[in-house]
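Descriptive analysis of the structure
The residues making up each chain are set out below.
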Amino acid sequence: MKPKLDPDRGFFNKWEMYKIVKEKPLPYLRIPHTDVFSLQSFNHFLNMYECIFIKSVFTWGGEKISKITKEDQQLIWKLQGQPLKSFENAQDLFAELSAVYNGGLCIIQEGAPLLMYGDRPIDIRAHLQREFDKGWIYAGDLIRVGGPDSIVSNFESNGTVEPTAKVLTSLFKSRDQAAEIIDHVVKSAMHICNILDEHDIFMEAGIDFGIDGNGRLWLIEVNTNDIQGGPDKELFKHLPDQTFYNDIVKRHRKMNEQTVQKLFEYFEEYVKHNRKNE
């Protein structure tokens, strides 16, 4: 079934985005097994995986994300920002989850075996921008580090940001492997943006990747500009080197100027066309 664009916000929610990105896989990018959250899918995923996530398809910033793990024959549930809860059976846990998500559309995902950084969750945020005359531009990347007791790496969880090469070199003890992972991030991000172009036109994208112990990428989320805004540019302002941030802001200003120019050109063509038909 063709992915549906949300007409109100002008974006693809998490479930629709999953349908898009799984169309054309890459050998070095893993897309976590994902389904619509229901009692059937919940029981199925619990039987298949030791760790699963549940996410509302419409929220951002880590809001309403649940992590469920199996420990000592119990199910351990952590809702972002809330204390742990343990359950002896899946039925009781499902009842609590249903109360939290209250019938809203959610996805359930395989928990990826991602690396941590100082016992905190991390991901790589890749930022891309479109220029009318050049197409997609890879604008930069950074590592987002989640806050204390967080299950997500979002900056809103009292997190921090770090230079990508610094963290990857620390984790893998190899500049060459760090460089290879960054290369895969660039190629994966551009690949995803090119797939998006087959479904709609966006001007910016913020794509989040996790990394496992083998250096393989796992796709976490794809964020695009919509009526409410776009991927957070200010993240890059917190890096020691301001080059990415300055270039992103400059390019964003250029994009706005190009948009105004295009609208003006379309208006001129519209006026000329109407005059000819008078």
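Calculation criteria
Residues numbered from 1 in each chain as written. Predicted model: local features only at pLDDT ≥ 70, side-chain atom pairs only at ≥ 80, totals over all residues. Heavy atoms only, no water. Salt bridge = Lys/Arg side-chain N within 4 Å of Asp/Glu carboxyl O. Helix = DSSP H or I, 4+ residues; strand = E, 2+ residues; numbered from the N terminus. Buried < 20%, exposed > 50% of the residue type's maximum accessible area, 1.4 Å probe, protein only. Expected span 1.5 Å × (residues − 1). Arc of directions from axis to C-beta. Polar contact = N/O pair within 3.5 Å; in protein donor to acceptor, adjacent residues only side chain to side chain. 1 Å grid on protein atoms, 1.4 Å probe; cavity = no way out; pocket = protein on both sides within 12 Å on 5 of 7 lines; lining within 4 Å. Points joined across faces, edges and corners; volume = space filled by probe spheres on them. Nonpolar A, V, L, I, M, F, W, Y, C, P; charged D, E, K, R; others polar. Contact = heavy atoms within 4.5 Å. Pairing = 2+ DSSP bridges. Axes fitted to C-alpha atoms, helices over the stretch in contact; angles between N-to-C directions. Parallel < 35°, antiparallel > 145°, perpendicular 65-115°, else oblique. Left-handed = near helix turned anticlockwise from the far one by under 90°.

**Re the pattern of salt bridges**
Using the criterion set out here, one finds 16 salt bridges in the structure. Put simply, Arg 9 and Asp 226 hold a salt bridge, and the shortest N to O gap is 2.7 Å. Taken together, the positions of Arg 9 in the segment before helix 1 (14–21) and Asp 226 in the loop between strand 12 (217–224) and helix 6 (243–276) put the pair 217 residues apart, joining distant regions of the chain. Pair check on accessibility: Arg 9 and Asp 226 agree, each one buried. Notably, a salt bridge pairs Asp 208 with Arg 144, separated by 3.1 Å at the nearest N-O pair. Of this pair, Asp 208 sits in strand 11 (residues 204–211) while Arg 144 sits in strand 9 (residues 135–145), placing them 64 residues apart in sequence. A residue is classified by how much of its surface remains accessible, and Arg 144, at 6% relative accessible area, is buried.

**Quick look at helix 5 (residues 175–196)**
If you check helix 5, its first and last C-alpha atoms are 32 Å apart, about what 22 residues at 1.5 Å a residue would give, namely 32 Å. What helix 5 keeps buried is the set Ala 178, Ile 181, His 184, Val 185, Ser 188, Ala 189, Ile 192, Cys 193, Ile 195 and Leu 196. In a view along the axis of helix 5, the buried residues occupy a sector of 160°, so they form one face of it. Along helix 5, exposed side chains directed more than 90 degrees from the buried face belong to Arg 175 and Asp 176. With a side-chain oxygen lying 3.4 Å from the backbone nitrogen of Asp 176, the N-terminal cap of helix 5 falls on Ser 174.

**Remarks on empty space enclosed by the protein**
The gaps left among the atoms become clear once a water-sized probe is rolled over them. The full count for this structure, using the stated rule, is 1 cavity of 30 Å³ or more. Counted as a void, the largest cavity has a volume near 40 Å³. Ranked by the residues each element gives to the lining of the largest cavity, the list is headed by helix 5, at 3 residues. Classifying every residue of the lining of the largest cavity gives 7 nonpolar, 1 polar and 1 charged.

**Describing helix 2 (residues 39–48)**
Along helix 2, the positions that sit buried rather than exposed are Ser 41, Phe 42, Phe 45 and Leu 46. Axial view of helix 2: buried residues confined to an arc of 135°, hence all on one face. Along helix 2, exposed side chains directed more than 90 degrees from the buried face belong to Gln 40 and Asn 47. Those residues of helix 2 that are buried lie in contact with strand 2 (34–36), strand 3 (51–56), strand 4 (65–71), strand 5 (74–79), helix 3 (90–101) and strand 7 (106–110).

**So, the sheet that holds strand 7**
Taken in spatial order, the 6 strands make up an open sheet running 2-7-3-4-5-6, and their pairing is antiparallel. Two strands close off the open sheet at either side, each with one partner strand: strand 2 and strand 6 (85–87). Going across the sheet, the axis of each strand differs from the next one's by a mean of 25°, ignoring polarity. Pairing of strand 5 with strand 6 involves 3 bridges; the strand directions are antiparallel.

**Description of the packing of helix 4 (residues 164–172) against helix 5**
One way to put it is that helix 4 packs onto helix 5 with a least axis distance of 8 Å and a crossing angle of 130°. It follows from the interaxial angle that helix 4 and helix 5 lie oblique. Both helix 4 and helix 5 take part in a crossing whose hand is right-handed. Taking contact as the criterion, the partners of Thr 164, Ala 165, Leu 168, Thr 169 and Phe 172 in helix 4 are, on helix 5, Arg 175, Gln 177, Ala 178, Ile 181 and Ile 182. Classifying every residue of the contact of helix 4 with helix 5 gives 6 nonpolar, 3 polar and 1 charged.

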